Amino acid sequence: MQWRPQNSSTAETLFSLSRVTKHYPGVTALREVDLSVSAGEVVGLIGENGAGKSTLMNILGGVTMPSSGTIRLHGDERPSLTVPDAIKGGIAFVHQELNLFENLSVAANIMIGREPLTGGPLCLVDRKRLRKLAEPLLVQLGADFGPDMLVADLTLAQRQLVEIAKALSLNALILILDEPTSSLTVTETERLLRVIARLKANGVGVIFISHRLGEVKRCADRVIVLRDGRIVAELDHEMIEPEIMIRHMIGRELKMLYRPPAGPAGDKMLELIGLRTAYRPARSVSLDVRQGEILGLAGLVGSGRTELARAVFGIEPPLAGEIRIGGKTVAIDRPAAAIALGLYLVPEDRKRSGLVLDFSVAKNASLANLPAVVSHGLLDAAAETRLARKWKNRLAIRCSDTNVPAASLSGGNQQKVVLAKWLSMAPRVLIFDEPTRGIDVGAKHEIYALMRALADNGAAILMISSDMEEVIGVSDRIAVMHDGAISGILSRNCFSEENILSLAVGRVLNRGLGASQ
Amino acid sequence: MNRKDLGLLVLILVIGTVVAVINPRFLSPVNLSNTANLIGLFGIFALGQAFVIISGGIELSVGSIVALLGVVFLDLVAGNVIPWGAAMIVVIALGCLMGLVHGFLVTRMGLQPFVVTLCGLLVYRGVARYYTDDATAGFPFGASFPWLEWLTAGRFYGVPHSLVMFAILASIMAVVLHRSVFGRRLFAVGRNEEAARYSGIDTQRTTVTAYVICCGLTAVAAIFIAMYTRSISPSSHGNFYELYAIAAAVLGGCSLRGGEGSILGVVLGTILLQVLQNLVNLLGIPSSLNFAVMGSVILIGVLADQQFAQRRERTARSRKVA
């Protein structure tokens, strides 16, 4: 099968959304969005986390139904799409998290569910034809691997090409790439940009969602900036410049977010000296967090921030180096040891690592501190409920009762339950890993206020975050991680998206910018 | 008592009534006492199975442990090697050791519980047969241990001591599972091991403890069963007992995904299984159909439970929307 786009006449509009709005209970994710993509056009879609990009994409993919507005796909106008509509209409996604079967070959993944069969009564897979169907797609994309390779043996960038090949095999007319370059090396990114150029020449419409503005500038014909569910700018030609894009993306007054600490930062509470993790054994991390301080830890995905947090908390103990708490060298070989020292972790994936979702709010809140709800050697349900009610009130956890399952709470309230788990045990050091991911704006601000209150009460806070607005708006200092080591530390007067990004990609800042490392 | 347990209780009462109406001998003191004895014997190791299933694992070697520890116990006692009290302690300690080994292989070596305990099933059975040269183990003619026999196979106003033991152990285990810190941690580990680990719970130790409890209780059951049968042919003694235990736990609301179950449920599940066995005998159903009846009832029970759960969820959801 030689892949060929069905429509190659230029400037034909493939689809358009008009006045699409999506309300969720309490939040409006999209407000009257108009968007259209033509054949052979690359549209950059940018916006900060929570701007509405994923809602918009889910509507296009037929996963989410818009509250109002119309969608026109190949001339048909309708209020919403279903997933089969989207696939039939030629809309294909390459998600950030790839959906491939690692145990199958490249060709089998590309043709999954549509395998060519031999004619016989057993309906066996025709391996020769399978290979023949997959090969030209890979050649077109300039892939450096064959159709028989096992996906498990491919790099992330190669797997991405498999996803794109799969989309092409479905005769995709519109390809949506969600943060495709976030984990790629420079050369891999170059290759992907070349692939996009080739697709464009073949008349495919591409939506390129990315935080990497340099790449957006290089490949996009038009850039759409989303903020708070609205399209705030539509840029083309010479207007596609990183500074201009950033200006539209940010737009929000960052100072509103920052709550200064009640007093000057105290002594060093957490010190990491030459810490090496199994993730990047050749690199080491040294940093310190002071009492009463919120230290933001920024960096790109894969820079080793989560692995650092897991090492400090004892999930995967560090290979070498020293951890000091309150000036004393400590040995943390398992989470219980960290907890005994008053060092707690609010993990990145709260549904998997933070909570037992089927447990009630009360049972989750007491899980790390069961001795506190024991009387006469047995669990005391009344004491447990009291403890949970106390934290429900203090943290304003919104749930009808503390005996409802944690799964029934909203993301923000779930995160507060994770916090409640630790706060009953006087934290000295709290590590937050992406504390507000997937949480609505209101709850975000409550979490920030809680973090500040904890710091003011004498805790040292290390906040890992990929949300620029959050890192800049909440931190007292920012440490930036690159490739498993700290590439620089910024004090408040040097906070800027540009400085953070420069350090995150491993560039050295000019002297005098306040980078202390 | 939750809805599930209540449903099970109602089922037991309904089946009991039907059987009693068809064949009044069901309620005769002799039959009741015999059934009670079997409930006690099978219940003791079913309790242990529940702990392992709640941890997210499974213990398949129960029947072989019953055979191996049974012959060891009879050999120690009948040969007057050590006093029977000491023999009990040795056998229970051996059971706990087996649990320790299973738990170690599952947690530290990262093997799957199914594989580890399947190997246990094969190994212990083989060792039991080798130990007796495949001959039947039993007491020599005229040997008598009145206290031991009274303790394990005696009756108190018609109530078999095995049932008394089961009741005592079930009460203790109910407290351990539902009221102790360990029990809470076990549920957390079974439900979401990663979240348990991030909460500072020593998940490996919790899991190992579940296997130790399971095999320790199985050892206790092995003693009672050995004293009940008084002779053991090691190639068939205890065959399929692990399946009775798993069936009782599943009927009682334990989920094989882990993190779910109750002691009351396991007790009711055991009772139901033995009532079913009894029903086959009393209603003149060919005893060859025994397992078929058991399997069908479990299947229907689990199916009905799931349908009810789905319906409840649907109504709850529609109420939420409205």
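Residues numbered from 1 in each chain as written. Chains lettered and ligands numbered in written order. Predicted model: local features only at pLDDT ≥ 70, side-chain atom pairs only at ≥ 80, totals over all residues.

This paragraph deals with the overall build of chain A. When you go through chain A residue by residue, the secondary structure sums to 17 helices and 22 strands. Here chain A has a C-alpha radius of gyration of 25 Å; the compact-globule value for 517 residues is 24 Å, and the two agree. Residues counted as buried form 45% of the 517 residues belonging to chain A. For chain A, contacts bridging at least 24 residues in sequence account for 67% of all contacts bridging at least 6. (Helix = DSSP H or I, 4+ residues; strand = E, 2+ residues; numbered from the N terminus. Rg over C-alpha atoms; globule rule 2.2 N^0.38 Å. Buried ≥ 20, exposed ≤ 12 C-beta atoms within 10 Å, placed from the backbone. Contact = placed C-beta atoms within 7 Å.)

With that settled, consider the confidence of the model for chain B. All names here are of chain B. Put simply, chain B has an average pLDDT of 92, and 98% of its residues get 70 or more. By mean pLDDT, the top-scoring element of chain B is helix H4 (residues 84-107) (97), and the lowest-scoring one is helix H13 (residues 290-321) (78). Among the prediction metrics, the complex's ipTM stands at 0.87, with pTM recorded as 0.80. (pLDDT = per-residue confidence, 0-100.)

In this section: the sheet that holds strand S12 (residues 285-290) of chain A. Residues and elements named next belong to chain A. Across the sheet, 4 strands lie side by side as S12-S11-S14-S15; this open sheet has antiparallel pairing. The open sheet has two edge strands with one neighbour each: S12 and strand S15 (328-330). Averaged over all neighbouring strand pairs, the angle between strand axes comes to 20°, with direction disregarded. Two elements, strand S11 (residues 268-276) and strand S14 (residues 320-325), share 5 bridges in a ladder whose sense is antiparallel. Looking at the pairing, Arg276 lines up with Ala320 of S14. (Pairing = 2+ DSSP bridges. Axes fitted to C-alpha atoms, helices over the stretch in contact; angles between N-to-C directions.)

The next point concerns the confidence of the model for chain A. Residues and elements named next belong to chain A. The share of residues in chain A with pLDDT of 70 or more is 93%, and the mean pLDDT across the chain is 86. Within chain A, the element-level pLDDT minimum falls on helix H8 (residues 242-250), averaging 74, and the maximum on strand S16 (residues 343-346), averaging 96. Predicted confidence for residues 1-10 stays below pLDDT 50, and this span has 23 contacts to residues more than four positions away or in other chains. Note that pLDDT drops below 50 for residues 511-517; the model gives that stretch 14 contacts with residues more than four away or on any other chain.

With that settled, the discussion passes to the interface of chain B and chain A. A common way to express how large an interface is: the accessible area buried when the components associate. At the junction of the two partners, chain B supplies 16 residues and chain A supplies 20 residues. Of the residues belonging to the side of chain B that touches chain A, the class tally is 5 nonpolar, 5 polar and 6 charged. (Nonpolar A, V, L, I, M, F, W, Y, C, P; charged D, E, K, R; others polar.)

Time to look at the pairing of strand S1 (residues 13-24) of chain A. Residue and element names in this part refer to chain A. When S1 meets strand S2 (residues 27-38), the two strands line up antiparallel, connected through 8 bridges. Bridging from a neighbouring strand, Leu17 pairs with Leu35 of S2. Pairing analysis gives 5 bridges linking S1 to strand S4 (residues 68-73), with the strands arranged antiparallel. Within the sheet, the bridge partner assigned to Ser16 lies in S4 and is Arg72.

Residue and element names in this part refer to chain B. Tracing the sequence through the fold places Leu47 in helix H2 (residues 29-54). You can call Leu47 buried: it has 29 C-beta atoms within 10 Å. Considered as a pair, Leu47 and Leu169 are 122 residues apart in the sequence and their alpha carbons are 8.4 Å apart. If sequence neighbours within four positions are ignored, Leu47 has contacts with Leu169, Ala170, Met173, Leu217, Ile263 and Val266.

Time to look at the packing of helix H3 (residues 62-78) of chain B against H4 of chain B. Residue and element names in this part refer to chain B. Packing of H3 against H4 brings their axes to within 9 Å, and their N-to-C directions diverge by 155°. Taken together, the axes of H3 and H4 lie roughly antiparallel to each other. Judged by the sense of rotation from one axis to the other, the crossing of H3 with H4 is right-handed. Touching Ile65, Leu69, Val72, Phe73, Leu76 and Val77 of H3 are Trp84, Ala87, Val90, Val91, Leu94, Gly95 and Met98, all from H4. A breakdown of the residues in the contact of H3 with H4 according to their chemical character gives 12 nonpolar, 1 polar and no charged. (Parallel < 35°, antiparallel > 145°, perpendicular 65-115°, else oblique. Left-handed = near helix turned anticlockwise from the far one by under 90°.)

Time to look at the sheet that holds strand S9 (residues 222-227) of chain A. Residue and element names in this part refer to chain A. If you trace the 6 strands from one edge of the open sheet to the other, you get S6-S7-S8-S3-S9-S10, paired in mixed fashion. Each of the sheet's edge strands pairs with one partner strand only, and the pair in question is strand S6 (91-94) and strand S10 (230-236). Geometrically, the sheet is characterised by an average inter-axis angle of 20° between neighbouring strands, direction not taken into account. In terms of strand pairing, strand S3 (residues 42-46) meets strand S8 (residues 205-209) through 4 bridges, oriented parallel. Looking at S8, one finds that Gly44 is bridged to Phe208.

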